[in-house]
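Inside the fold
One letter stands for each residue in the lines below.
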Amino acid sequence: MSNFKMDTKCVQAGYTPGNGEPRQIPIIQSTTFKYNTSEDMGKLFDLEASGYFYTRLQNPTNDHVAAKIADMEGGTAAMLTSSGQAANFFALFNICECGDHIVSSASIYGGTFNLIAVTMKKMGIDVTFVAPTCTEEELNAAFTDKTKAVFGETIANPALTVLDIEKFAKAAHAHGVPLIVDNTFPTPVNCRPIEWGADIVTHSTTKYMDGHGAAVGGAIVDSGKFDWMAHAEKFPGLTTPDESYHGIVYAEKFGKEGAFITKCTAQLMRDFGCIQSPQHAFILNLGLESLHVRMPKHVENGQAVAEFLEKHPKVKKVNYSGLPSDPYYEVAKKYLPNGGCGVVSFELEGGRKAAETFMSRLKLAAIETHVADARTCCLNPATSTHRQMTDEQLEAAGIPAGLVRMSCGLESKEDLIADLEQALQ
Ligand SMILES: *Cc1c(COP(=O)(O)O)cnc(C)c1O
């Protein structure tokens, strides 16, 4: 499908039924698959033949949906995971081990920050965080001879900073390591990081891809561009024999196009088991079929709400890269020419108390720990996700007590603005 436009890929990529076969992707609700001889199955276990034997490793429903996402991102291979957290963990752990080091943008999702800064640290994997706005010199200075990956988010949740993908890719490649980009917020409809130099793209499909708040999930896409063999000493897991698979060398047997995802499936999914259920993959695909129709509407609503808020006297500051006053406006024009997403954050005059009162008056926007689905929702980090922090600590972290994160859904923008207007009153 790679020559088709995004709209066509969203609807049809990943699954082409044969004569008399189901039009919709079938949900293969089976843990296991039947074979006539042990020899047939043995070939699958040895990665000598491709096919299915156990859903923890692979399932046809998941593979169709993963193939669609790979096509949408312009990658060569992809896999689904049980959540966005699992996707980012697998993407990093597939090439990092004890003693290794990661360079990451500091402006990333809180869950991913904990994963890298706390949990992976316990596994002996070190990290250096850099500001997304850092200079090339500062970025290059963050690398060590143990660095194995660079990580960032196209649009960070919840800070809404925009990653200069080319700057990060250039530094990663100069040090012989891949750039991993979490593309959850813009989705491939609004940005395709591989075209700007990213090597691996990850997703929390829980957000816009599903888009209805129905199914938690994640995905990893390989661009197929990173030459593991050219940096063989850095990536022994891909370039030396895997004893748990009779000495297969992934980068030799599956090439640049398939090595990363095959190793990630064969080792990490086998051992950690964070598989997406075929039911969830089916629900995710229903979301993907309308993603290209929904994203422009999320952007339209986000832009209208941001413009309204910016003019309102009770609002101190608005963060939205579609506003010319936003520090990321120029970067966004380059990477997100059709807009970024529907998530806006803003700071109210009057801090925590004002934010609480304001949110309790909203009628359409529900208070939720979620973003990026059809229904508008909002959250005040100071009284929810970050409530253990003092006002001073919040300020230092760039999350003032009066900050509200608002995820604009697919309702009428006039209704959303009227709701904000009466709540601000
Ligand atoms: C939500 C989110 C995650 C984590 O995804 P889950 O599906 O909740 O595990 C990772 N990255 C970003 C940018 C997110 O918004």
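It should be noted that the structure appears before, not after, this text.
What counts, and at which threshold
In every chain, residue numbers begin from 1 and rise along the written sequence. Local features in this predicted model are restricted to residues whose pLDDT is 70 or higher, and side-chain atom pairs enter the listing and the counts only when it is 80 or higher, whereas totals over whole chains, interfaces and linings include all residues. Excluding hydrogens and water, the side-chain values take into account all heavy atoms of the structure. Helix numbering and strand numbering both begin at the N terminus, where a helix is a DSSP run of H or I of at least 4 residues and a strand a DSSP run of E of at least 2. Type-normalised accessible area, obtained with a 1.4 Å probe on protein chains alone, sets the label of each residue: buried when under 20%, exposed when over 50%, and partly exposed for intermediate values. For accessible areas, the Shrake-Rupley method is used with a probe of radius 1.4 Å. Any residue's cover is judged against the shown protein chains and nothing else. For this count, His and the chain ends are skipped, Lys and Arg are scored as positive, and Asp and Glu as negative. For this purpose, a charge sits on NZ of Lys, CZ of Arg, CG of Asp or CD of Glu. Whether two strands pair depends on DSSP finding at least two bridges between them. For this purpose, a residue is taken to be near a molecule or strand whenever a single non-hydrogen atom of the residue falls within 4 Å of it. Counted as a polar contact is a pair of N or O atoms within 3.5 Å, where, for protein atoms, one must be capable of donating a hydrogen and the other of accepting one, and residues adjacent in sequence contribute only when both atoms are in side chains. Under the scheme applied, nonpolar residues are Ala, Val, Leu, Ile, Met, Phe, Trp, Tyr, Cys and Pro; charged residues are Asp, Glu, Lys and Arg; polar residues are all the others, including Gly. One fewer than the residue count of a helix, multiplied by 1.5 Å, yields its expected span. Note that the arc is defined by the directions from the helix axis to the C-beta atoms. Any two residues having at least one pair of non-hydrogen atoms within 4.5 Å are treated as being in contact. By definition here, a salt bridge exists when the distance from a side-chain nitrogen of Lys or Arg to a carboxyl oxygen of Asp or Glu is within 4 Å. Crossover handedness is defined here as right-handed if the route from the first strand over the helix to the second strand goes clockwise, with the strands pointing away from the viewer. Note on method: axes are straight lines fitted to C-alpha atoms, helices fitted across the in-contact stretch only, with angles between N-to-C directions ranging 0 to 180 degrees.

**Thoughts on the overall build of the protein chain**
- The number of helices and strands found in the protein chain is 17 helices and 12 strands.
- When burial is assessed residue by residue, the protein chain has 53% of its 425 residues classed as buried.
- When the accessible surface of the protein chain is split by element, carbon and sulfur atoms take 53% of a total near 17,600 Å².
- Seen as two clouds, the 37 positive and the 50 negative side-chain charges of the protein chain have centres 3 Å apart.

**Some points on the sheet that holds strand β10 (residues 366-367)**
- Taken together, the five strands give an open sheet; going across it, the order is β8-β9-β12-β11-β10, and neighbouring strands pair in mixed fashion. This sheet does not close on itself; its edge strands, each paired only once, are β8 (315-319) and β10.

**Brief notes about the site of the ligand**
- Around the ligand there are 15 residues in total, and G84, D182, S204, T206 and K207 lie nearest to it.
- In the environment of the ligand, an oxygen atom lies 2.9 Å from a nitrogen or oxygen atom belonging to the side chain of N157.
- Burial of the ligand by the surrounding chains reaches 92%, relative to a free accessible area of 380 Å².
- For the shell around the ligand, the leading source of residues is helix α4 (residues 84-93), giving three residues.
- The residue inventory of the shell around the ligand, partitioned by class, reads two nonpolar, 10 polar and three charged.

**Notes on helix α17 (residues 413-424)**
- Relative to the 16 Å expected for 12 residues at 1.5 Å per residue, α17 spans 16 Å between its end C-alpha atoms, a close match to the ideal helical length.
- Along α17, the residues classified as buried are L416, D419, L420, A423 and L424. The buried residues of α17 all sit within an arc of 125° when viewed along its axis, so they share a single face.
- Taken together, the buried residues of α17 touch α13 (291-311), β8, β9 (343-348), α15 (351-361) and β12 (403-407).
- Between the side-chain oxygen at the start of α17 and the backbone nitrogen of E414 there is a gap of 3.2 Å, and the oxygen is on S412.

**Some words on the pattern of salt bridges**
- Within this structure, the stated rule accounts for 13 salt bridges.
- Ionic pairing is found between K316 and E347, a salt bridge with its closest N-O pair at 3.4 Å. Within this pair, whereas K316 is found in strand β8, its partner E347 is found in strand β9, the two being separated by 31 residues in sequence.
- The exposed category is assigned to K316, whose relative accessible area is 51%.

**Observations concerning the pairing of strand β3 (residues 126-130)**
- Pairing of strand β2 (residues 101-105) with β3 involves five bridges; the strand directions are parallel. Within the sheet, the bridge partner assigned to H101 lies in β3 and is D126.
- Chirality of the crossover, the property in question, places the unit of β2, helix α5 (residues 110-122) and β3 among those that are right-handed.

**Some points on the sheet that holds strand β4 (residues 147-153)**
- Within the open sheet, the seven strands sit side by side as β1-β7-β6-β5-β4-β2-β3. Their pairing is mixed. Of all the strands in the sheet, the pair left with one neighbour each is β1 (77-81) and β3. Taking the axes of each pair of neighbouring strands and ignoring which way they run, one obtains an average angle of 20° across the sheet.
- Where β1 lies against strand β7 (residues 218-222), five bridges are found, and the strand directions are antiparallel. Within the sheet, the bridge partner assigned to A77 lies in β7 and is D222.
- Running at roughly 125° to β1, helix α3 (residues 60-73) makes contact with β1, β6 (200-204) and β7 of the sheet.
- Each of β2, β3, β4 and β5 (179-182) touches helix α7 (residues 165-174); the most contacted strand, β5, lies at about 150° to it.

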